[in-house]
Amino acid sequence: MPRTEGTASDDAAAACGEDAAVEEPAPGKRRRRWVRRTAITAALLLLLPLLSALTALRINDTGDPADGTRTRGRDALWLGHAWVDGRKKDADVDALARRLKDTGIRDLYVHSGPLEHDGTLPESVYPKARWFIDAVHDKIPGVRVQAFLGDVLATETPDGMRLDEADTRAAVVRSARQVLDTGYEGVHMDLEPLHSGDRDYLTLLDALRRETRSRDAQLSVAAHQIDPLPAFHTVWGGITGHPKWWSQEFFGQVARRVDQIAVMSYDTMQPLQSTYGGYVAQQTSLALEVTPPSTDLLMGLPFFHENRFGHWNHAETVPAAVRGVRLGLSRTDADRVGFGVALYIDFAATEADWRAYEEDWARQ
C-alpha cells in the first residue's frame, strides 16, 4: 500500500519511533558502556580518599611556626663510610669542622658496618675509626661520634639478619661492645625493613641499652615512620607485602628504650612540597606524643636527591621538611628540649640543602 502524507503529529511520532530503533544499543554496546561506567566509578572511589588525604596534608602545612621552634643544639648528621675506611684525610675533617661551626649538630652517625647477617662485625670494615674519632674530638670539640651500624632483615626476603635467633642478637650486642672499645661514644642502629610490633627487636634494644649504659654511651636508632592513619601499616602490608610504617604504640615502645630516636621522615611518596610539609608536621606531632622527655627525638631531613617511586626530589626538600618539623613542634610541644633534626646524608648534600638547614633551622 503506498505511503500517504500524514499530519505533523504523525510525522513526529514516526520520527521518534525511527530514532528509538536506531539508538537502541546492542547487547555488546550495553556491556561496554556498563564496563566503562564501572571503571569510572571504581576510579573515583579510589581517587576520592587519596584527594581527601592530600587536601588534609596541604591544610596541615598551613600556618606559622611558633617563635623559638629552632635548633636546641641536639641535631645529628649521618656520615658515609668514607670517613672510617681510609678515603678521608685531615683536610676533610677540617672542612667538616668549618661546615658544622655555628650549627646545632652534636652527634655524627658515621657508617661503620654493615653488620654481617649473623650479627658480627669485622674490624677490617672500619680501619680508620680511631683516627676519625680523635680528629673530631680535636677539631670539633663537643661533637660525639657514634657508630652507625645496620643490616637488611629477613622480614620480607629469605636473606638477611634474623632477630628471632638469640645467637644473632647476642652477636649484635658483642659488635656494639666492639665499636665502643674502639672509642665510639654511642651506637646508632638501622635495621630494615623492621615490621611494627617486632618483640625480638625490643629484646635486642633492652640488651643494647644495658651495654651502652654500662659504658656511659649513647644508644640511638633510625626509626620507621608512624601510621598516618590508624593501623595503616596493616592495610598497606596486606596490599604490598611491605608494611613500611610503625604503629604509634610500637614507636613509643622503641623510644622508651633508647637515648635518641631519629625518624626517617623521607621517602614518603608525597607529590608536592606542601603535602610533604604537612606529612612531616603530622609525623612530628605523632612522634612527640609518645616519645618520653628523657629521649631525644630527631626528625630526618632529606639531604639527598633522587627521583623514584616513593621519593620525588621536587617535593621532598629541606625547606619543606624544616617547615613541617617546626609546625609539628609548634602544635604539639613547642618547648620540648630533647628535640632536633638529623641530616641524611653528607655525601649527597648540596649547598642549597646546607643553606636551608642553617637559615631555616640552625639560625637563632
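Located above this text is the structure these notes cover.
As a starting point, this report considers the structure included with it. Owing to the predicted nature of the structure, the values given are computational and were not obtained by experimental measurement.

Right, let's get into the overall build of the protein. Each helix and strand counted, the protein has 11 helices and 10 strands in total. Within the protein, the proportion of its 364 residues that are buried is 48%. When contacts within the protein are restricted to residue pairs at least 6 apart in sequence, long-range pairs at least 24 apart make up 81% of them. For the protein, the exposed area adds up to about 17,700 Å²; of that, 54% sits on carbon and sulfur atoms.

The next subject is the pattern of salt bridges. All told, the structure shown has 18 salt bridges when counted by the stated rule. When the shortest N-O distance is used, the salt bridge between Asp107 and Arg106 registers 3.8 Å. On the accessibility criterion, Asp107 (0% relative accessible area) is buried. Between Asp206 and Arg257 there is a salt bridge; the shortest N-O distance is 2.9 Å. Separated by 51 residues along the polypeptide, Asp206 in helix 6 (residues 199-214) and Arg257 in the loop between helix 8 (248-255) and strand 6 (260-263) bring together distant segments of the chain. Overall, Asp206 belongs to the partly exposed group, its relative accessible area being 30%.

The next point concerns the nonpolar core. With 90 residues, the main nonpolar core has Leu108, Phe132, Tyr184, Tyr201, Leu301 and Tyr357 as its most contacted residues. Take this core: its biggest share by element is six residues, from helix 10 (residues 318-332).

Further remarks concern the sheet that holds strand 1 (residues 75-79). Taken in spatial order, the eight strands of this closed barrel run 1-2-3-4-5-6-7-10, and their pairing is parallel. The average undirected angle you get between the axes of adjacent strands in this sheet is 25 degrees. Strand direction decides the pairing type here: strand 3 (residues 144-152) and strand 4 (residues 186-192), joined by six bridges, are parallel. Among the inter-strand pairings, Val152 is bridged to a residue of strand 4, identified as Glu192. The strands touched by helix 5 (residues 166-182) within the sheet are strand 3 and strand 4, with strand 4 carrying the most contacts at an inclination of about 145 degrees. With respect to the sheet, helix 8 is in contact with strand 5 (218-223), strand 6 and strand 7 (296-302), its orientation differing from that of strand 6 by roughly 140 degrees.

Each value, and the rule that gives it
Residues numbered from 1 in each chain as written. Predicted model: local features only at pLDDT ≥ 70, side-chain atom pairs only at ≥ 80, totals over all residues. Heavy atoms only, no water. Helix = DSSP H or I, 4+ residues; strand = E, 2+ residues; numbered from the N terminus. Buried < 20%, exposed > 50% of the residue type's maximum accessible area, 1.4 Å probe, protein only. Contact = heavy atoms within 4.5 Å. Areas by Shrake-Rupley, 256 points an atom, 1.4 Å probe, with all protein chains shown as cover. Salt bridge = Lys/Arg side-chain N within 4 Å of Asp/Glu carboxyl O. Core = buried A, V, L, I, M, F, W, Y, C linked by side-chain atoms within 4.5 Å. Pairing = 2+ DSSP bridges. Axes fitted to C-alpha atoms, helices over the stretch in contact; angles between N-to-C directions.

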